[in-house]
Amino acid sequence: MGKLGLIIRREYLAKVRNRSFIVMTILSPLLIVGMIVLIAYLTKINDNEKRVISILNESAFFHQEFKPTEQISYIHLDGLSLDDAKDSINSMGYYGLLYLPYGKDVEQVAKSAYLYTKDNPNTQMTQHLEGIIQRRLRQGRLEKLGVSQDQFSQVEQPFEINLATFDGEKSVKGINEIKAFIGGGFGYAIMMFIIIYGGFVMRSVIEEKTSRIIEVIISSVKPFQLMLGKIIGTSLAGITQFTIWLISASLLLFLAVMLFGIDLGSMAESSNMPPGAMNEMSQLATMDSEMMTYAREILDIPWGLLIVSFFIYFVLGYLIYSSIYAAIGAAVDNETDTQQFIFPIILPLMLAIYVGFFSVFSNPHGPIAVGFSLFPLTSPIVMLMRLPGGIGEGGVPLWQLLVSIALLIITFLGIVSLAAKIYRVGILMYGKKPTYKELIKWLRY
């Protein structure tokens, strides 16, 4: 263990003293916060752009329906033909011309209406205008049926079923998705750490192998100890860097919000959310009781269990994948030769993120979600998506959590032993591009 400790210390110090490591540790939080500030600024500029729509209304309808908003203003034209109106609007640089021709009723007018623009209009603009015309159409149809607008509004009152648990606690829609997003955030952090720092382990092995330093090192250290020391030392350096990033980026973001008055909420509001999701979010924002329920549900998430599980899955998942990265680094002579082996490593992580989100969102206790949360190569991500629901009744069964961790430990021991065999043979192999057939042959040595 003394030699292993020396290797870990050497790898850790070599990483943290590296100039590029220091530069990226300092610059990354600045770049991340700077990008957030830039996006918020550009979003604000984009939202401040006001578009002018000219309306040529030849019908007897649509008099007071078009009211200006923060993004759209309207100009009504009178006494112009359609061609003259298009030429005039185009020359003045207005956004578009809404033409409402003559018609006997509002249905005929709506069917013949056109929006003329220089370029293709954006979806938000067309949906806004369509909504105005749709409301007027509905009013005209109601008048034909002898139903007033007030009467129809009462008939169309939205209905939402009350939700509660068997214990009598009120619940709200979408909380499972929010919990999955929280767990998915932890899982995504694990995936990024594995990809970034697993690559560091692989490149470190390749550098020592190509410089022939490895031949001197393994004369006094077992290949298994060297591989494990590199993995642990690099992971400790990565944890150090991530911790510095988290603290410094949080402080910088707080200062940016305080100094520049950045509205981070506007970024989410202006994102391309589906109309239904935006409506639900706006309804939630006006319902204090539901917001309190959301806050209570989020506070009721077993954060202690989630954080402890994160570290367990983080350590075991990283050790499994970094062992594979180290074995690949020992098998090749340069980074170019690693490309054929990298995709099979990243594939389970990608499946865990995408399939995990879809399966956990729809049914966190379904066979796909349970299977991926037990499979060792995907469980560090998918299980963390399920854990915000808790353990036991209504959450993840305790046996599934224990089986998942046990399978991870068994897989780690198996993969480390196999990776050590490849590492032991490959570390002294030069001048030959390895194939999968060669790697299988090395496992038998």
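Here we summarise the structure given alongside this text. (Residues numbered from 1 in each chain as written. Predicted model: local features only at pLDDT ≥ 70, side-chain atom pairs only at ≥ 80, totals over all residues. Heavy atoms only, no water.)

## With respect to the overall build of the chain
- Within the chain, the regular secondary structure consists of 18 helices and six strands.
- Counting only residues that meet the buried cut, the chain has 39% of its 445 residues in that class.
- The contacts in the chain between residues at least 6 apart in sequence include a share of 71% that link residues at least 24 apart.
- Carbon and sulfur atoms form 64% of the exposed surface of the chain, whose accessible area is close to 25,700 Å². (Helix = DSSP H or I, 4+ residues; strand = E, 2+ residues; numbered from the N terminus. Buried < 20%, exposed > 50% of the residue type's maximum accessible area, 1.4 Å probe, protein only. Contact = heavy atoms within 4.5 Å. Areas by Shrake-Rupley, 256 points an atom, 1.4 Å probe, with all protein chains shown as cover.)

## Comments concerning the packing of aromatic side chains
- Across all of its chains, the model carries 15 aromatic pairs by this definition.
- Through a chain of ring-to-ring contacts, the aromatic side chains of Phe186, Phe193, Tyr197, Phe200, Phe242, Trp245, Phe310, Phe311, Phe314 and Tyr318 assemble into a single cluster.
- One cation-aromatic arrangement involves Lys86 over Tyr116; the distance from NZ or CZ to the ring centre is 4.7 Å. (Phe/Tyr/Trp six-rings, centres within 6.5 Å; stacked < 30°, edge-to-face > 60°. Lys NZ or Arg CZ within 6 Å of the ring centre and 35° of its normal.)

## Side note on a nonpolar patch on the surface
- A cluster of nonpolar residues, Ile22, Val23, Ile26, Leu27, Leu30 and Leu31, forms a patch on the protein surface that exposes about 530 Å² of accessible area.
- Here Leu31 shows up in helix α2 (residues 19-48).
- The exposure class assigned to Leu31 is exposed, which follows from its relative accessible area of 55%. (Patch = residues over 30% accessible without salt bridge, like charges linked within 9 Å, V, L, I, M, F, W, Y side chains within 5 Å. Salt bridge = Lys/Arg side-chain N within 4 Å of Asp/Glu carboxyl O.)

## So, the sheet that holds strand β3 (residues 96-100)
- Spatial ordering of the open sheet is given by β2-β1-β3-β4, a layout of four strands whose pairing is mixed. Only two strands of the sheet have a single neighbouring strand rather than two, namely β2 (72-77) and β4 (114-117). Across the sheet, the axes of successive neighbouring strands diverge by a mean angle of 25°, strand direction being ignored.
- In this structure, strand β1 (residues 51-57) lies alongside β2, joined through six bridges in parallel fashion. Across the sheet, residue Val52 finds its bridge partner in β2, namely Ser73.
- Against the sheet, helix α3 (residues 82-92) contacts β1, β2, β3 and β4, and its axis sits at roughly 165° relative to β3.
- Along the sheet, helix α5 (residues 123-145) contacts β1, β2 and β4; its crossing angle with β2, the most-contacted strand, is approximately 55°. (Pairing = 2+ DSSP bridges. Axes fitted to C-alpha atoms, helices over the stretch in contact; angles between N-to-C directions.)

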